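# Structural overview
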Amino acid sequence: MAAKRKFNIFDHELVPEHRILSDEEKAELLKKYNIKLSQLPQIKASDPAVEELGAKPGDIIEIKRKSPTAGIYYYYRIVVED
Amino acid sequence: MPSLSPKSIHSIVESKGAALPINIREELYQKLLEYHKKYRLKKKEVEAIVKEAVEEYEGALIEPGEAVGTVAAQSMGEPSTQMTLNTFHYAGVAEINVTLGLPRIIELVDARKNPSTPIMMVYLDEEHRYDKKKAEEVARRIEGTTILNLAQSITTDIINLEIIVDIEPERLEKSGLTMEDIQKKLKSSFKTAEFEVDGYTLIVRPKKAEKLSDLRKIAEKVKSHRLKGLSGVNKTVVRPSGEEYVIYTEGSNFKQVLKVKGVDPTRTRTNNIHEIAEVLGVEAARNAIVEEIVNTMQEQGLEVDVRHIMLVADMMTLNGTVKAIGRHGIVGGKASVLARAAFEITTQHLFEAAERGESDPLSGVVENVLIGQPVPVGTGMVKLTMRLPIQPKEKE
């Protein structure tokens with residue numbers, strides 16, 4: 001039963017929600033924090049979560065993190081080639 | 001005037017307090033409801049309270065230029081002086097040794113490829129969770145079994161050039177294997193030897209072994225050949241945890257264990273951060289680092305604010321891989337030559353930088369401490385430029 005279905009990593013407790021930002025959201029984010037793309041934290045294109053989403057290098061991934069202090073907050077990583 | 005409904009209070013909190021994190025908004029809303037019952041707050045009052053809360057929150061934020069890294073280092077460093085230097089048994093599982101205390105913290109922060117005591121906590125699915133028998137069945141599928149695990153004695157017959165293995169029937173039964181299984185498995189894996197089964201005795205006869213050393217070589221290989229289970233997993237212990245049973249393993253093979261039938265892949269975890277990064281990605285690895293450090297500290301009765309630990313974990317995973325804190329990781333990746341040289345292996349860094357013709361713009365903290373200039377931290381971050389007052393032209 002469970003063996004047939006492929007395990008989705010986003011079901012694991014440790015993996016937070018990932019989402020690809022649209023181009024407008026990307027521009028908005030960079031404007032909001034007044035930063036360049038190169039100043040964002042990175043995530044490899046070969047990362048299992050990125051592969052699952054099908055994101056390409058240059059995309060920004062929004063990560064919905066759970067935090068014991070803030071509840072929920074968003075973290076951003078830019079997809080880079082390895 | 002009609003009284004404020006909880007819904008409208010909620011919308012005020014959401015709109016006016018948009019700058020607040022979700023936890024604080026929720027708490028503020030609950031408190032407002034409570035006070036609304038007592039005092040019948042007006043809309044203006046609610047708005048004023050929310051405004052006050054936002055101001056208070058913004059005042060509590062870290063200022064730009066605060067040396068958060070140094071504060072985090074001190075906050076984690078001081079309590080770690082009070083930690084034990086020993087390896088202790090894992091709480092609840094006495095049979096499995098786990099590195100704890102300071103060695104474990106060092107291991108995490110150094111991002112070692114393999115922890116000194118890898119373990120997994122394997123949670124089970126709905127079907128196998130509540131029954132000890134069924135849990136043990138899954139444990140048997142996971143536990144790596146070799147001849148060495150099953151044998152009572154292994155003797156080498158030098159005259160006939162044979163290896164004679166006496167299998168312990170009890171262990172064999174527990175592992176769920178039969179003598180025929182073993183023979184079949186070994187036959188398909190080793191083409192260079194013949195295997196004969198007689199009761200609970202296994203005789204290994206190499207096809208061509210002129211020297212004793214050849215025999216020994218084959219014996220070693222046969223002994224450690226995996227008959228079933230996962231590679232890297234040596235021992236399993238089934239323990240009750242609350243209502244369910246959880247399998248603890250000595251040794252870790254995260255990727256394979258998630259595929260084993262009966263395992264709940266959504267909760268199973270390992271203490272090997274690199275394995276998590278490989279299977280679940282960096283974000284999961286970051287969460288695992290935070291959790292592992294918090295648990296290790298807590299286990300020692302120490303309390304460090306999570307924010308410091310979160311900063312460390314964020315820095316370790318900044319470029320998408322798990323990097324150590326040290327000269328091979330974060331410090332080694334610093335742009336400034338002087339900052340790197342000030343940390344470890346000074347001369348090597350200076351020589352290499354000279355060879356490459358690197359220059360140092362002196363924009364970081366360490367470099368400026370080193371040469372005795374104001375450090376770009378706190379008030380030192382601010383640069384003041386002043387336009388000289390325009391001198392009134394002197395009238396002649």
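Residues numbered from 1 in each chain as written. Chains lettered and ligands numbered in written order. Predicted model: local features only at pLDDT ≥ 70, side-chain atom pairs only at ≥ 80, totals over all residues. Heavy atoms only, no water.

### Topic: the overall build of chain B
Secondary structure summary: chain B contains 17 helices and 12 strands in total. Against the compact-globule benchmark of 21 Å for 396 residues, chain B has a radius of gyration of 32 Å, which places it well outside the compact range. Going through the 396 residues of chain B one by one, you find that 41% of them count as buried. Nonlocal contacts in chain B, meaning residues at least 24 apart in sequence, comprise 57% of its contacts between residues at least 6 apart. With the model as given, the accessible surface of chain B reaches about 23,700 Å², and the carbon-plus-sulfur share is 53%. (Helix = DSSP H or I, 4+ residues; strand = E, 2+ residues; numbered from the N terminus. Rg over C-alpha atoms; globule rule 2.2 N^0.38 Å. Buried < 20%, exposed > 50% of the residue type's maximum accessible area, 1.4 Å probe, protein only. Contact = heavy atoms within 4.5 Å. Areas by Shrake-Rupley, 256 points an atom, 1.4 Å probe, with all protein chains shown as cover.)

### Observations regarding the packing of helix α1 (residues 6-16) of chain B against helix α2 (residues 22-39) of chain B
Residues and elements named next belong to chain B. Put simply, α1 and α2 touch, their axes get as near as 10 Å, and they point 140° apart. Of the two elements, α1 crosses α2, and the hand of that crossing is right-handed. Between α1 and α2, the residues in contact are Pro6, Ile9, His10, Val13 and Glu14 and Arg25, Leu28, Tyr29, Leu32, Leu33 and His36, respectively. (Axes fitted to C-alpha atoms, helices over the stretch in contact; angles between N-to-C directions. Left-handed = near helix turned anticlockwise from the far one by under 90°.)

### A few points about the sheet that holds strand β2 (residues 42-44) of chain A
Spatial strand order, β1-β3-β4-β2 (chain A): 4 strands in an open sheet with mixed pairing. Pairing within the sheet leaves two strands with one partner each, and these edge strands are β1 (17-20) and β2 of chain A. Adjacent strand axes in the sheet meet at a mean angle of 40°, parallel and antiparallel pairs treated alike. Bridge count for β1(A) against strand β3 (residues 60-67) of chain A is 4 bridges, and the pairing is antiparallel. Among the inter-strand pairings, Ile20(A) is bridged to a residue of β3(A), identified as Ile61(A). Contacts from helix α13 (residues 282-299) of chain B reach β1, β2, β3 and β4 (71-80) of chain A, with the element oriented near 135° to β4(A). (Pairing = 2+ DSSP bridges.)

### What to know about the domain arrangement of chain B
Taken as a whole, chain B is organised into domain 1 (6-59), domain 2 (119-142 + 233-270), domain 3 (145-228) and domain 4 (331-381). Computed from C-alpha atoms alone, the centre-to-centre distance between domain 1 of chain B and domain 3 of chain B is 73 Å. (Domains from an automatic or database assignment.)

### Comments concerning the nonpolar core
Residue and element names in this part refer to chain B. Core analysis: the largest hydrophobic core is formed by 53 residues, its most contacted members being Ile142, Ile247, Val257, Leu280, Ile293, Met297 and Val322. Elements with a contribution of two residues or more to this core: α5 (101-109), β3 (119-122), α6 (132-142), β11 (244-250), α11 (254-257), α12 (273-280), α13 and α14 (306-316). For valine 322, the contacting residues outside a window of four places in its chain are Ala111, Ile273, His274, Ala277, Ala285, Ile289, Met316 and Thr317. One finds Leu172, Leu177, Ala193 and Val222 within the second-largest nonpolar core, a separate group that totals 21 residues. (Core = buried A, V, L, I, M, F, W, Y, C linked by side-chain atoms within 4.5 Å.)

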